[in-house]
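Structure at a glance
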Protein chains: 2
Amino acid sequence: MDISDARNRIVATADELYNAKGIQAVGMDELRTAAGVSLKKLYQEFPSKGSIVMAVLERRHQSWTEGLDATVRRAPTPREQLLAIFDYLGQWFCQSTFRGCGFINSFAELGAISPEVAEYARKHKESFQEYVASLAAGAGAPGYLAPQLAILAEGAQTTAAIAGTPNAATQARQAAEVLIDAALNTK
Amino acid sequence: MDISDARNRIVATADELYNAKGIQAVGMDELRTAAGVSLKKLYQEFPSKGSIVMAVLERRHQSWTEGLDATVRRAPTPREQLLAIFDYLGQWFCQSTFRGCGFINSFAELGAISPEVAEYARKHKESFQEYVASLAAGAGAPGYLAPQLAILAEGAQTTAAIAGTPNAATQARQAAEVLIDAALNTK
DNA sequence: CATCGTATAGAACGATCGTTCTCGGTGCAA
DNA sequence: TTGCACCGAGAACGATCGTTCTATACGATG
């Protein structure tokens, strides 16, 4: 087993467990067992639980960004690229492991007591907003459209998570269509 | 001191502390000290921390519902009543104690390990959606408008919380205006 | 084979959690 | 004054947390 192989497995396992049960509900021993590494190796790879949490957030950010971009890139027109954001959300919501946005959740759980976590969540959302803004700019939309679509996407995530149904994705997508067309026509 | 007076102070203090630091980060001893009651009285009023959490959620639900309705009722027309939702959010976001929706936060923190909390958060969001639906119906809007506005409201809450700015309220309000007018015109 | 460095499983540690118990004081009734 | 029922402060308890330490097994090297 490679050394970074163990590292990856630890982070991947932590990601799953933290998502399924919440960060604070998963102890190091449970993570150790699930990842199949010794406690010593765990602390050899990471100095503390907090650093594992940050590594999980980085992993989530990368996974989310790549997955979103892959879906968006399949859309033929700038307008459909903006709508593809909500298709990506729809796929995500349908996964059985979906339990809400990991950044919203970690912010809610640890944001008040961990400046690192709060800051990383802020950065992640900021990067999403910039991504939406770049797509909106590509569609020739006015600047106010992107924040509106980002808010729709955020709302769809929490609504889907708490309601337990993926309906919010299509509802948000239809709303996005109205907002996009209105923004493009009044331009 | 009345017996229910102590109860109210416990719940009010727990509400503040849980909101400020997160539920799991506030121990019974800290709550006891802040509320100024003995540990014995605390457990005399509530059988467990979980029951305090549920009492806090009930308090939040009542406070939110009443505050929202008071703002909405001041609006003269059905259309402006729908928009008043976002004015209410704007006021809320500007409070220094604002740290996101307490139900989203409690769901993120405890939803996976406490069916009670998850269920109550679901019920709260459901009641909000029904409230929006009743306002939308009063404005003569088609049925699909209310979920769209509710998603906007949810998104504004998480965006404002994580970004740390109240901007999302006005952005969501402007988006709501577009959606409302589009829905009313195509009817 | 003997030896040594390393990795492992799991015990142990201090801290903190939610919860309960004990002790000492206080007000009231007789 | 004496007895008694309550009350608050905080010690105590068992569990669990994150983290570290120890004892044991193993594998490579001479």
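Keep in mind the model is a prediction, meaning the values are calculated, not measured.

**Some remarks on the domain arrangement of chain A**
Residue and element names in this part refer to chain A. Domain boundaries in chain A define domain 1 (1-46) and domain 2 (54-185). Using only C-alpha atoms to locate each centre, domain 1 and domain 2 end up separated by 27 Å. Contact with domain 1, which involves 12 residues of that partner, is made by 10 residues of domain 2. Scanning the region where domain 1 abuts domain 2 turns up 2 salt bridges. With its nearest N and O atoms 3.1 Å apart, the salt bridge here joins aspartate 15 to arginine 59. For the pair domain 1 and domain 2, the interface holds 6 residue pairs in polar contact (both at pLDDT 80 or more). Across the side of domain 1 that touches domain 2, the residue classes tally to 8 nonpolar, 3 polar and 1 charged.

**A word on the relation of the copies chain A and chain B**
Overlaying chain A on chain B yields an RMSD of 0.0 Å, the required transformation being a rotation through 180 degrees with an accompanying axial translation of 0.0 Å. What the superposition gives is, in effect, a two-fold axis relating one chain to the other. If distances are taken from each C-alpha of chain A to the rotation axis, the shortest is found for A:Gly155, at 1.7 Å.

**A few points about the environment of B:Lys41**
Residue and element names in this part refer to chain B. Residue position: lysine 41 is located in helix α3 (residues 39-45). Relative accessible area serves as the criterion here: at 24%, lysine 41 is assigned to the partly exposed category. Distance in space between the C-alpha atoms of lysine 41 and isoleucine 10 is 9.9 Å, their sequence separation being 31 residues.

**Observations regarding the protein's contact with DNA strand D**
Taken together, A:Val26, A:Gly27, A:Met28, A:Leu39, A:Lys40, A:Tyr43, A:Ser48, A:Lys49, B:Arg32, B:Ser38, B:Leu39 and B:Lys40 make up the full set of residues near DNA strand D. Among atoms of DNA strand D positioned within 4 Å of the protein, sugar and phosphate together represent 59%. A:Tyr43 places a side-chain nitrogen or oxygen 2.8 Å from a phosphate oxygen of DNA strand D. At the level of elements, α3 (39-45) of chain A together with α3 of chain B are the ones that each hand at least two residues to the surface near DNA strand D. At 3 residues, α3(A) tops the list of elements feeding residues into the surface near DNA strand D. By residue class, the composition of the surface near DNA strand D is 5 nonpolar, 3 polar and 4 charged.

**With respect to the packing of helix α4 (residues 49-73) of chain A against helix α6 (residues 102-110) of chain A**
All names here are of chain A. In contact at an axis separation of 10 Å, α4 and α6 are set at 155 degrees when each is read in the N-to-C sense. Looking at the two axes, α4 sits roughly antiparallel to α6. Viewed along their axes, α4 and α6 form a crossing whose handedness is left-handed. Each of Val53, Leu57, Arg60 and His61 in α4 lies in contact with α6, whose residues at this interface are Gly102, Phe103, Ser106 and Leu110. The class makeup of the residues in the contact of α4 with α6 is 4 nonpolar, 3 polar and 1 charged.

**Examining the interface of chain A and chain B**
Tallying the contact residues gives 38 residues for chain A and 37 residues for chain B. Buried surface at the junction of chain A and chain B, summed over both partners, amounts to about 3,100 Å²; 71% is from carbon and sulfur atoms. Applying the counting rule to chain A against chain B returns 0 salt bridges. The tally of links between chain A and chain B comes to 0 residue pairs in polar contact (both at pLDDT 80 or more). The leading source of residues in the side of chain A that touches chain B is helix α8 (residues 145-163) of chain A, at 12 residues. Classifying every residue of the side of chain A that touches chain B gives 22 nonpolar, 10 polar and 6 charged.

**Some details on the pattern of salt bridges**
Tallied over the full model, the rule gives 28 salt bridges over all chains. A salt bridge links A:Arg122 to A:Glu126, with the nearest nitrogen and oxygen atoms 3.3 Å apart. With A:Arg122 and A:Glu126 both in helix α7 (residues 115-138) and 4 residues apart, the pair spans about one turn of that helix. Using a relative accessible area of 32% as the deciding quantity, one classes A:Glu126 as partly exposed. Here B:Asp29 ties to B:Arg32 by a salt bridge, and the two come within 3.7 Å at their closest N and O atoms. Of this pair, B:Asp29 and B:Arg32 both sit in helix α2 (residues 28-35), 3 residues apart, which is roughly one turn of the helix. Classification of B:Asp29 as partly exposed rests on a relative accessible area of 49%.

**Focus on α7(A)**
Compared with the 34 Å implied by 1.5 Å per residue over 24 residues, the 34 Å span of α7(A) between its first and last C-alpha is a close match. Among the residues making up α7(A), those that are buried are A:Val117, A:Ala118, A:Tyr120, A:Ala121, A:His124, A:Lys125, A:Phe128, A:Tyr131, A:Val132, A:Leu135 and A:Ala136. For α7(A), the secondary structure elements touched by its buried residues are α4, α5 (78-94), α6 and α8 of chain A together with α8 (145-163) of chain B. Of the residues trailing α7(A), A:Gly140 is marked for its positive phi of about 75 degrees.

**Focus: the UniProt feature "DNA-binding region" (unreviewed entry) in chain A**
UniProt marks residues 27-46 of chain A with the feature "DNA-binding region" (unreviewed entry), using the numbering shown here. Taken as a whole, residues 27-46 of chain A contains 75% helix and 0% strand, while its terminal C-alpha atoms sit 14 Å from one another.

**Focus: the packing of aromatic side chains**
Applying the stated rule across the entire model yields 14 aromatic pairs over all chains. For the ring pair B:Phe103 and B:Tyr120, a centre distance of 6.1 Å and an interplane angle of 15 degrees mean the geometry is stacked. Here B:Phe103 is found in helix α6 (residues 102-110), whereas its partner B:Tyr120 is found in helix α7 (residues 115-138), with 17 residues between them in sequence. B:Phe103 gets classed as buried once you look at its relative accessible area, which sits at 3%. Ring-pair connections join several aromatic residues into one group, and the members of that group are A:Trp64, A:Tyr88, A:Trp92, A:Phe93, A:Phe98 and A:Phe128.

The rules behind these values
Residues numbered from 1 in each chain as written. Chains lettered and ligands numbered in written order. Predicted model: local features only at pLDDT ≥ 70, side-chain atom pairs only at ≥ 80, totals over all residues. Heavy atoms only, no water. Domains from an automatic or database assignment. Contact = heavy atoms within 4.5 Å. Salt bridge = Lys/Arg side-chain N within 4 Å of Asp/Glu carboxyl O. Polar contact = N/O pair within 3.5 Å; in protein donor to acceptor, adjacent residues only side chain to side chain. Nonpolar A, V, L, I, M, F, W, Y, C, P; charged D, E, K, R; others polar. Least-squares fit on C-alpha atoms with pLDDT ≥ 70 in both. Helix = DSSP H or I, 4+ residues; strand = E, 2+ residues; numbered from the N terminus. Buried < 20%, exposed > 50% of the residue type's maximum accessible area, 1.4 Å probe, protein only. Near = heavy atom within 4 Å. Axes fitted to C-alpha atoms, helices over the stretch in contact; angles between N-to-C directions. Parallel < 35°, antiparallel > 145°, perpendicular 65-115°, else oblique. Left-handed = near helix turned anticlockwise from the far one by under 90°. Buried area = accessible area lost by both parts, 1.4 Å probe. Expected span 1.5 Å × (residues − 1). UniProt positions renumbered as here; feature names shortened; annotations may be inferred. Phe/Tyr/Trp six-rings, centres within 6.5 Å; stacked < 30°, edge-to-face > 60°.

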